[in-house]
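Notes for the structure review
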Amino acid sequence: MRTTTGSISGPLPSRVQVAARAHMVLRGGTGDQVVYRITQHVRAPNPASARVLMGTPVTSRAAADLVRLSITSAAAVMTDLEITVPLQVSTAMLESQFGDLEAYDFGGSVQATTQGGSIRIDRVRGDVVGRSAGGEIRLGKIGGAVRCSTGGGSVVLDSSGGETNCASAGGDIFVREAGGPLLLSTEGNIHVDHAAGTVEAHSAGGLIEVGQAGGAVIADTQGGSIQVSSARGVKAESMRGMVRVRSAAGPMSVAAAAGNILAELLAGSRIEDSSFIAAAGDITILIPSNLAVSVMATNDGGGMARIISEFPEVHVRPGQLFRPMVLADGGINGGGPVLRLNVSSGVIYLKRMK
């Protein structure tokens, strides 16, 4: 085992870059120097061989505002690096081969890249960029924008202060709070508690849940359900699963290839023209009793087709000759934005809410 301590001499840079085959932990500090501590373990026949395998830390100043710290060691060496960076440093760049990366209590921005380890970052005031070839990415409180991707692990974000773009090739994505526009994509599940702006979520095979969005929600999945509890406009498409949406403003465009659709319009809604299409499932629209909307509904289900309405203003009638369908239209409370509904194998329900 060998422990090496040191500091980066000369004028304090605005950017620090660290590259090593190591587990790195970066922390913000109150001093005026970049200080590091390296702990290495290796099994070797003698001390001289061990020193060769461990290598020697190298620092270089590539430019006036950038200093690099690199450790070149053999694959058999287990290396842990702790580095303390003053608040005056604006950007920290961490690069590791197969090691975990961590950063805490830093006043600037962090860029973290690892070929196989996990990434954990919390209490960072600036932007965060995190990339892992297959490990988990767990982010706490981030003051700026977030951009992260992983080849197979999950992504967990507590909060971000700006635009957030996260992707995983196979893991789930969880976002508690996003302060800006949100773009998420994965083959797993997506869960968003609260977003101040728009939400765009794409899943290749999981479910998508959005609690509250300050803007519009765009969501599509190839193999799960979609639920949007509150948004200002919704565009949702599911190939196999139920879609449940609630919106207070804006247009809605909802489609389900193999699943039911349930849409709730809120009292006092400022919705716009909207469409709902279910290929193999029911459509249920919950409409407040005092909301003014117009309905144009078509059920192509043949002789068993049904449209059931609790509003006498909506007139249900059979289709024309040689077209086995049921039609319904009418203006509720004098009419307003148009709700277009179509099912191919299911029932359309228009239900009154008090």
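Structure report, in brief. What you see is a predicted model; the values in this text were computed from it and never measured. (Residues numbered from 1 in each chain as written. Predicted model: local features only at pLDDT ≥ 70, side-chain atom pairs only at ≥ 80, totals over all residues. Heavy atoms only, no water.)

Here the focus is the overall build of the protein chain. What the protein chain contains, in helices and strands, is 1 helix and 35 strands. Whereas a compact globule of 354 residues would reach a radius of gyration of roughly 20 Å, the protein chain reaches 28 Å, over 25% beyond that. Viewed in the frame of its principal axes, the protein chain has a C-alpha envelope of about 95 × 40 × 30 Å. For the protein chain, buried positions account for 45% of its 354 residues. The long-range share in the protein chain, meaning contacts at least 24 apart out of those at least 6 apart in sequence, stands at 35%. Positive and negative side-chain charges in the protein chain, numbering 30 and 29 respectively, have mean positions lying 3 Å apart. (Helix = DSSP H or I, 4+ residues; strand = E, 2+ residues; numbered from the N terminus. Rg over C-alpha atoms; globule rule 2.2 N^0.38 Å. Buried < 20%, exposed > 50% of the residue type's maximum accessible area, 1.4 Å probe, protein only. Contact = heavy atoms within 4.5 Å. Lys, Arg positive; Asp, Glu negative; His and termini not counted. Charge placed at Lys NZ, Arg CZ, Asp CG, Glu CD.)

A separate point is the nonpolar core. Core analysis: the largest hydrophobic core is formed by 86 residues, its most contacted members being Ile121, Phe276, Ile285 and Leu341. Here this core takes 4 residues from strand 27 (residues 261–271), the largest share from any one element. With residues up to four places along the chain from it excluded, the contact list for Ile285 reads Ala263, Leu265, Phe276, Leu339, Leu341, Tyr349, Leu350 and Lys351. (Core = buried A, V, L, I, M, F, W, Y, C linked by side-chain atoms within 4.5 Å.)

A few words on the packing of aromatic side chains. By convention here, two paired aromatic rings are described through the distance between centres and the angle between planes. Counted by the stated rule, this structure contains 0 aromatic pairs. Here the basic side chain of Lys351 rests over the ring of Tyr349, its NZ or CZ set 5.6 Å away from the ring centre. (Phe/Tyr/Trp six-rings, centres within 6.5 Å; stacked < 30°, edge-to-face > 60°. Lys NZ or Arg CZ within 6 Å of the ring centre and 35° of its normal.)

As a further point, take the pattern of salt bridges. Evaluation of the coordinates by the stated rule reveals 9 salt bridges. The closest approach of N and O atoms between Arg123 and Asp122, which form a salt bridge, is 3.0 Å. With a closest N to O distance of 3.1 Å, Arg317 and Asp329 form a salt bridge. Here Arg317 is found in strand 32 (residues 315–318), whereas its partner Asp329 is found in strand 33 (residues 326–332), with 12 residues between them in sequence. (Salt bridge = Lys/Arg side-chain N within 4 Å of Asp/Glu carboxyl O.)

Three or four residues apart is the spacing at which side chains of an α-helix point the same way, because the helix has 3.6 residues per turn. Where helix 1 (residues 47–54) starts, the residue carrying a side-chain oxygen 3.2 Å from the main-chain nitrogen of Ala48 turns out to be Asn46. Positioned one or two residues after helix 1, Gly55 has a phi angle of 75 degrees, which is positive. (Polar contact = N/O pair within 3.5 Å; in protein donor to acceptor, adjacent residues only side chain to side chain.)

Turning our eyes to something else, we now look at unusual backbone geometry. You will see that Asp105, though not glycine, has its phi angle at about 55 degrees, which is positive. In this fold, Asp105 is placed in strand 9 (residues 101–106). The phi dihedral of Asn333 is positive, around 55 degrees, even though this residue is not glycine. Looking at the secondary structure, you find Asn333 in the loop between strand 33 and strand 34 (338–343). Since its relative accessible area comes to 38%, Asn333 is described here as partly exposed.

Our focus in this paragraph is the environment of His41. Relative to the helices and strands, His41 is located in strand 4 (residues 34–41). The sequence separation of His41 and His315 amounts to 274 residues, and the corresponding C-alpha distance is 80 Å. Among all residues touching His41, those that are not within four sequence positions of it are Met1, Ala76, Val77 and Met78.

Of the two faces of strand 33, only one is covered, namely that formed by Val326, Ala328, Gly330 and Ile332; the face formed by Leu327, Asp329 and Gly331 stays uncovered. As defined by bridge partners, strand 30 (residues 293–299) adjoins strand 33 across 7 bridges and the pair is classed as antiparallel. Bridge assignment links Ser294 to a residue of strand 33, and that residue is Gly331. (Pairing = 2+ DSSP bridges.)

Alternating residues of strand 24 (residues 234–238) divide into Val234, Ala236 and Ser238, all buried, and Lys235 and Glu237, none buried. Judged from the 5 bridges that link them, strand 22 (residues 217–221) and strand 24 form a sheet pairing that is parallel. In the strand pairing of strand 24, Thr221 is matched with Ser238.

The next point concerns the environment of Thr221. Note that Thr221 resides in strand 22. Thr221 gets classed as buried once you look at its relative accessible area, which sits at 1%. On a C-alpha basis, the gap between Thr221 and Ile287 in space is 26 Å, while along the polypeptide they are 66 residues apart. In contact with Thr221, not counting residues within four places along its chain, are Ser203, Gly205, Gly206, Ile208, Ile226, Glu237, Ser238 and Met239. Of note is the side chain of Thr221, whose polar atom sits 2.6 Å from the backbone oxygen of Gly206. Separated by 3.3 Å, the side chain of Thr221 and the backbone nitrogen of Gly223 make a polar contact.

What follows deals with the side chain of Ser118. As for its position among the elements, Ser118 is in the loop between strand 10 (109–114) and strand 11 (119–124). Owing to a relative accessible area of 15%, Ser118 belongs among the buried residues under this scheme. Apart from residues lying up to four places away in sequence, Ser118 is in contact with Gly99, Asp100, Leu101, Gly135 and Glu136.

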